[in-house]
Amino acid sequence: MAEKGRNVVQAPRGLAFAQIVLGLGGLFIGTGEFASMGLLPDMAASTHVSMPQAGNLISAYALGVVLGSPLLAVLTARMERRRVLIILAAIVFVGNVASAIVPGFFGLGVARFLAGLPHGAYYGTASIVAAAMVPPSKRAQAIGHVMLGLAAANLIGVPAATWLGQAFGWRSTFGVVGAGGLLLIFLLLWALPMIDADANASPMKELSAFRRPQIWLTLAVATVGFGGMFAVYSYITPTLTHAAHVSAHHVPLYLALWGLGMIVGNIVGGWAADRALIPAIFGILVWNAVFLSVFYFTATDPLSAAVTLFLIGIGFALVRALQARLMDVAQDAQALAAAMNHSAFNLSNAIGAWTGGMAISAGWGWHSTGLVAGGLAIGGLAMMGLSCALARMGNTFSNKTMGF
């Protein structure tokens with residue numbers, strides 16, 4: 001089967017099962033990333049550091065993603081895609097098992113950095129594989145099925161991991177995620193077809209992406225515009241328990257609501273991105289700016305906070321929309337651009353945790369993360385406006401490439 005000059009690769013066990021396996025990888029990786037936020041108070045207590053200091057563990061993971069995504073994408077540019085995913089799953093296994101067993105704050109920080117290295121490269125490579133198994137007209141929806149695993153991590157994985165950590169200690173959570181990485185290796189071998197890298201791919205061609213202004217602007221949208229979501233999420237457990245006076249045992253339910261919103265956003269966002277990519281990105285950014293700001297006013301009431309967190313979760317649709325856009329503007333640097341999307345989102349993780357922590361440390365209250373978050377979303381909106389303005393002036397790509 002072919003469409004627009006590109007052959008559709010057939011999965012040996014069927015397309016649906018291949019997409020489920022790719023999504024499971026997203027589930028395991030996303031759970032390992034976001035569970036540390038829900039377990040942050042316990043991690044701080046057991047390593048004898050303050051909450052803002054423990055936030056550096058989140059930043060260590062994010063730094064691993066930021067550095068690992070371009071490095072691994074370039075090193076594996078000419079490698080068969082399934083083999084790349086298996087190598088990345090092995091790093092997920094090692095990094096999370098290390099997080100479960102290494103003693104001390106510094107050692108834990110190194111382990112979280114290691115666990116973050118394969119994150120962006122996995123989602124980027126999995127997106128390329130998913131897109132290769134469907135016609136181009138269904139590309140954003142196929143990418144969305146990969147990202148659905150990340151959304152499911154917040155609906156199922158993170159609440160379950162938070163409960164597991166509260167019941168058996170936070171280290172048990174990372175042990176289970178590590179086991180998931182081991183399982184993923186075997187599932188990838190069984191479910192995925194072999195997909196060769198682009199015959200013309202090379203490290204230098206991948207690095208050529210950095211010469212294109214539209215790639216930098218799209219990454220800036222992700223870095224700044226999504227930072228607000230992490231400003232809220234990084235401190236969601238203490239915000240709910242201190243500002244809304246929610247019992248710690250009920251926090252997983254709130255995280256599940258956030259995850260449910262992410263799944264809704266993932267489905268709706270993929271549908272919208274396949275029909276009108278640029279308007280969809282603008283619409284999602286406006287949505288995020290509004291409801292992240294609203295959290296400042298609703299964070300002190302348990303019911304209002306729950307509704308707002310669900311609505312904030314819908315803004316996760318930005319991830320798949322920007323992934324599709326990067327693949328549009330990347331031309332022959334697909335692997336690096338797809339991976340760098342997640343570097344940008346995890347840089348936004350570090351920025352969000354840092355700016356939210358600054359607001360809290362300044363005495364503005366736990367709910368102040370909502371105002372910080374709204375401001376960051378508006379910054380992303382400005383970056384996207386600049387990107388489109390440059391395109392209209394003819395300084396980058398054509399209107400067709402931009403999606404107009």
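Quick caveat, the model's predicted, so the values are computed rather than measured.

Draft legend 1. Broad picture of the overall build of the protein. When its secondary structure is counted, the protein shows 19 helices and two strands. Relative to the compact-globule value of 22 Å for 404 residues, the protein shows a C-alpha radius of gyration of 20 Å, a close match. The dimensions of the protein, computed from C-alpha atoms along their principal axes, are 55 × 45 × 35 Å. For the protein, contacts bridging at least 24 residues in sequence account for 84% of all contacts bridging at least 6. Carbon together with sulfur atoms contributes 71% to the accessible area of the protein, which is approximately 15,100 Å² in total.

Draft legend 2. Molecular detail of helix 1 (residues 15-38). Helix length check: helix 1, at 24 residues, gives a terminal C-alpha distance of 34 Å against a target of 34 Å (1.5 Å per residue), a fit within 8%. At Gly 32, helix 1 shows its strongest bend, of approximately 30°. Within helix 1, 19 of the 24 residues are buried, which leaves the element mostly enclosed by the surrounding structure.

Draft legend 3. How the structure looks around the packing of helix 2 (residues 40-47) against helix 3 (residues 51-75). Between helix 2 and helix 3, the shortest axis-to-axis distance is 9 Å and the interhelical angle comes to 110°. If you check the angle between helix 2 and helix 3, you find them roughly perpendicular. Of the residues in helix 3, those touching helix 2 at Leu 40, Pro 41, Met 43 and Ala 44 are Met 51, Ala 54, Gly 55, Leu 57 and Ile 58. Classifying every residue of the contact of helix 2 with helix 3 gives eight nonpolar, one polar and no charged.

Draft legend 4. Quick look at a nonpolar patch on the surface. A surface patch of nonpolar side chains, amounting to about 380 Å² of accessible area, comprises Leu 257, Leu 260, Val 264, Ile 267 and Val 268. Inspection of the secondary structure assignment puts Ile 267 in helix 13 (residues 251-275).

Draft legend 5. Molecular detail of the environment of Ile 29. Among the secondary structure elements, Ile 29 is positioned in helix 1. Taking the C-alpha atoms as reference points, Ile 29 and Gly 116, separated by 87 residues in sequence, lie 8.7 Å from one another. Apart from residues lying up to four places away in sequence, Ile 29 is in contact with Tyr 61, Val 92, His 119, Tyr 122 and Tyr 123.

Draft legend 6. Fine view of the packing of aromatic side chains. Tallied over the entire structure, the rule returns eight aromatic pairs. Centroid distance Tyr 233 to Trp 258: 4.6 Å. Interplanar angle 90°. Geometry classified as edge-to-face. Pair noted here: Tyr 233 is in helix 11 (residues 227-233) and Trp 258 is in helix 13, with a separation of 25 residues, a long-range link. Relative to Phe 297, the ring of Tyr 296 lies with its centre 5.1 Å away and its plane at 90°, an arrangement referred to as edge-to-face.

Draft legend 7. How the structure looks around helix 15 (residues 302-314). The end-to-end C-alpha distance of helix 15, which contains 13 residues, comes to 19 Å, matching closely the 18 Å that a straight helix rising 1.5 Å per residue would cover. Every buried residue belonging to helix 15 is among Ala 305, Ala 306, Thr 308, Leu 309, Leu 311, Ile 312, Gly 313 and Ile 314, and all of these are buried. Tucked inside the fold, the buried residues of helix 15 contact helix 11, helix 12 (236-243), helix 13, helix 14 (277-298) and helix 16 (317-329).

Draft legend 8. How the structure looks around the nonpolar core. Within the largest apolar cluster, 110 residues are counted, with the highest numbers of intra-cluster contacts made by Leu 22, Tyr 122, Leu 188 and Leu 309. The residues touching Tyr 122, leaving out its near neighbours within four places in the chain, are Val 21, Leu 22, Gly 25, Gly 26, Ile 29, Leu 85, Leu 88 and Leu 184. Membership of the second largest hydrophobic core comes to seven residues, among which are Met 43, Leu 57, Ala 100 and Phe 174.

Draft legend 9. Main features of the side chain of Thr 239. Summarising the element assignment, Thr 239 is placed in helix 12. On the basis of relative accessible area, Thr 239 is assigned to the buried category, the value being 1%.

Draft legend 10. Representation of the confidence of the model for the protein within the structure. Counting all residues, the mean pLDDT for the protein is 84, and 91% of those residues have values of 70 or more. Below pLDDT 50 for its whole length, residues 1-5 participates in eight contacts with residues either more than four positions away or in separate chains. Confidence over residues 396-404 falls short of pLDDT 50; this stretch has 23 contacts with residues more than four positions distant or in other chains.

Draft legend 11. Seen up close, the side chain of Thr 223. Note on placement: Thr 223 falls in helix 10 (residues 213-225). Residue classification places Thr 223 among the buried residues on the basis of a relative accessible area of 11%. A distance of 2.8 Å separates the side chain of Thr 223 from the backbone oxygen of Leu 219, its partner in a polar contact. Filtering out sequence-adjacent residues up to four positions away, Thr 223 remains in contact with Ala 344, Leu 347, Ser 348 and Ile 351.

Draft legend 12. Quick peek at unusual backbone geometry. A positive phi angle, near 60°, is found at His 48, a position not held by glycine. Looking at the element boundaries, His 48 is found in the loop between helix 2 and helix 3. Backbone geometry places His 245, a non-glycine residue, at a positive phi of 60°. Looking at the element boundaries, His 245 is found in the loop between helix 12 and helix 13. Looking at His 245, the relative accessible area reads 65%, which means it is exposed.

What counts as what
Residues numbered from 1 in each chain as written. Predicted model: local features only at pLDDT ≥ 70, side-chain atom pairs only at ≥ 80, totals over all residues. Heavy atoms only, no water. Helix = DSSP H or I, 4+ residues; strand = E, 2+ residues; numbered from the N terminus. Rg over C-alpha atoms; globule rule 2.2 N^0.38 Å. Contact = heavy atoms within 4.5 Å. Areas by Shrake-Rupley, 256 points an atom, 1.4 Å probe, with all protein chains shown as cover. Expected span 1.5 Å × (residues − 1). Bend = angle between axes of the 7 residues up to and from the residue. Buried < 20%, exposed > 50% of the residue type's maximum accessible area, 1.4 Å probe, protein only. Axes fitted to C-alpha atoms, helices over the stretch in contact; angles between N-to-C directions. Parallel < 35°, antiparallel > 145°, perpendicular 65-115°, else oblique. Nonpolar A, V, L, I, M, F, W, Y, C, P; charged D, E, K, R; others polar. Patch = residues over 30% accessible without salt bridge, like charges linked within 9 Å, V, L, I, M, F, W, Y side chains within 5 Å. Salt bridge = Lys/Arg side-chain N within 4 Å of Asp/Glu carboxyl O. Phe/Tyr/Trp six-rings, centres within 6.5 Å; stacked < 30°, edge-to-face > 60°. Core = buried A, V, L, I, M, F, W, Y, C linked by side-chain atoms within 4.5 Å. pLDDT = per-residue confidence, 0-100. Polar contact = N/O pair within 3.5 Å; in protein donor to acceptor, adjacent residues only side chain to side chain.

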